[in-house]
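Structural features, examined
Okay, here's what each chain looks like letter by letter:
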Amino acid sequence: MFRFSSDRMPVTIILMLSCIDFALYFTTQNPIILFAYWVIMITPKMLISAWNHHHQHTGTFRIKLLDRALEFFYAMHTGVTTHLWRLHHVLGHHLNYLDQNKDESRWKDDSGKLMGEIKYSFVVALTAYFRGYQVGNRYLKVRRVFVRYTAITFIILAGLIWLNPIGALFLFILPMMTSLLLTAWATYNHHSELDTSNVFAASRNNLGKWYNIFTGNLGYHTAHHYKQGVHWSELPKLHDTIKSKIPLELITDA
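Overview of the structure. (Residues numbered from 1 in each chain as written. Predicted model: local features only at pLDDT ≥ 70, side-chain atom pairs only at ≥ 80, totals over all residues. Heavy atoms only, no water.)

**A closer look at the overall build of the protein**
Where we set the bar: Helix and strand definitions follow DSSP, with helices as H or I runs of at least four residues and strands as E runs of at least two, each counted in order from the N terminus. Atoms considered for the radius of gyration are the C-alpha atoms alone. The globule rule reads 2.2 Å times the number of residues to the power 0.38. Partly exposed residues are those whose accessible area sits between 20% and 50% of the maximum for their type, while under 20% is buried and over 50% is exposed, using a 1.4 Å probe and protein chains only. Using a 1.4 Å probe, the Shrake-Rupley method yields the accessible areas, and only the shown protein chains count as cover for residues. Residues scored as positive are Lys and Arg, those scored as negative are Asp and Glu, and His as well as the terminal groups of each chain are ignored. For this purpose, a charge sits on NZ of Lys, CZ of Arg, CG of Asp or CD of Glu.
Assigned secondary structure in the protein consists of 11 helices and 2 strands. Put simply, the protein runs from its N terminus to its C terminus through helices and strands in the order α-α-α-α-α-α-α-α-β-α-α-α-β. For a compact globule of 254 residues, the expected C-alpha radius of gyration is about 18 Å, and the protein comes in at 18 Å, within 12% of that figure. Seen through its principal axes, the protein has C-alpha atoms that stretch 55 × 40 × 35 Å. The buried share among the 254 residues of the protein stands at 51%. Of the roughly 12,800 Å² of accessible surface on the protein, a fraction of 66% belongs to carbon and sulfur atoms. Taking the 24 positively charged and 16 negatively charged side chains of the protein as two groups, their mean positions are separated by 9 Å.

See the structure below:
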């Protein structure tokens with residue numbers, strides 16, 4: 001069922017968190033409890049975004065319908081629906097990150113100046129759906145799937161809001177918004193100020209053990225951009241084959 005056995009544990013944990021979300025949705029309307037839960041879960045749900053990112057590079061299941069179902073739960077945690085990152089990130093950013101005139105996650109503003117972290121975070125988050133849809137001009141089949149399942153997700157979300165507005169606000173709406181914003185913020189350091197055409201000098205790498213456990217080796221970022229189709233579990237091995245080409249100042253163990 002799983003394409004890679006290493007996906008079993010993270011997917012199980014994420015679906016368990018979804019079960020907790022829906023259990024709270026159906027059992028409590030206490031805004032204090034729900035607010036506290038939202039605050040506690042801000043960081044975990046931002047980390048879920050890393051696994052959603054990996055999934056949109058390489059599908060998790062051998063059965064496509066299971067991927068679509070998983071993407072619904074990812075969306076409710078992260079604010080990123082089916083194929084949004086495939087368009088915006090896989091077919092957009094990964095092809096254009098060396099060109100700040102085209103990059104969907106560009107860190108330069110329209111005048112060519114470096115954006116600060118806060119401005120960058122809001123710009124990337126607020127334009128994510130629009131820029132993803134624009135990339136779809138070149139990938140109409142992918143965009144049709146994106147539009148269809150995004151519509152389904154938001155129709156279900158509307159139903160959840162109608163049934164329990166307070167629960168939907170704290171368990172789904174706010175997490176989706178904050179996760180998308182914080183995900184954009186987390187990407188700022190990946191490439192900002194690295195204005196180069198050299199793929200080995202265009203990304204920062206964090207080889208810290210815990211960072212990579214929680215993000216699925218996202219710290220091996222040069223390797224990820226060098227061969228974006230490589231499964232997250234194989235990135236450390238790929239990094240070892242190219243690390244001599246990466247400037248030392250772009251590798252940390254934080």
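**With respect to the layout of surface pockets**
Let me state the cut-off plainly: Using a grid of 1 Å spacing that covers the protein atoms alone, one calls a set of points a cavity when a 1.4 Å probe fits there but cannot get out, and a pocket when the set is open and has protein on both sides within 12 Å along at least five of seven lines; lining residues are those with an atom within 4 Å of a point. Grid points are joined across faces, edges and corners, and a volume is the space filled by probe spheres set on the points. Three residue categories are used. Nonpolar comprises Ala, Val, Leu, Ile, Met, Phe, Trp, Tyr, Cys and Pro, charged comprises Asp, Glu, Lys and Arg, and polar comprises the others, including Gly.
Within this model, the largest pocket holds a volume of roughly 860 Å³. Forming the boundary of the largest pocket are 39 residues, of which Ala-186, Thr-187, His-190, Tyr-211 and Leu-218 lie nearest the centre. Of all the elements in the fold, those that place two or more residues in the lining of the largest pocket are helix 3 (42–57), helix 5 (84–96), helix 6 (117–135), helix 8 (165–191), strand 1 (205–206), helix 9 (209–215) and helix 10 (221–226). If you tally residues by element for the lining of the largest pocket, the top one is helix 8, at 10 residues. Here the residues of the lining of the largest pocket are counted per class, giving 17 nonpolar, 19 polar and 3 charged.

**Topic: the packing of helix 2 (residues 31–40) against helix 3**
For clarity, the threshold we go by: The axes are straight lines fitted to the C-alpha atoms, using for helices just the contacting stretch, and the angles between their N-to-C directions are given from 0 to 180°. An angle below 35 degrees is read as roughly parallel, one above 145 as roughly antiparallel, one from 65 to 115 as roughly perpendicular, and any other as oblique. Residue contacts are counted whenever heavy atoms from the two residues lie within 4.5 Å of one another.
The N-to-C vectors of helix 2 and helix 3 enclose an angle of 50 degrees; their axes lie 4 Å apart at closest approach. It follows that helix 2 is oblique to helix 3 by the angle criterion. Here Trp-38, Val-39 and Ile-40 of helix 2 come into contact with helix 3, specifically with Ile-42, Thr-43 and Pro-44. Here the residues of the contact of helix 2 with helix 3 sort into 5 nonpolar, 1 polar and no charged.

**Concerning unusual backbone geometry**
The phi dihedral of His-83 falls on the positive side, at around 70 degrees, and the residue is not glycine. The residue His-83 is located in the loop between helix 4 (64–78) and helix 5 in this model. Within the chain, Asn-217 stands out as a residue other than glycine whose phi angle is a positive 65 degrees. As for its position among the elements, Asn-217 is in the loop between helix 9 and helix 10.

**Things to note about helix 5**
Counted residue by residue, helix 5 has 11 buried out of 13 residues, so it is predominantly covered. Restricting attention to buried positions, one finds in helix 5 the residues Leu-84, Trp-85, Leu-87, His-88, His-89, Val-90, Leu-91, Gly-92, His-93, His-94 and Asn-96. Buried residues belonging to helix 5 abut helix 3, helix 6, helix 7 (140–163), helix 8 and helix 10.

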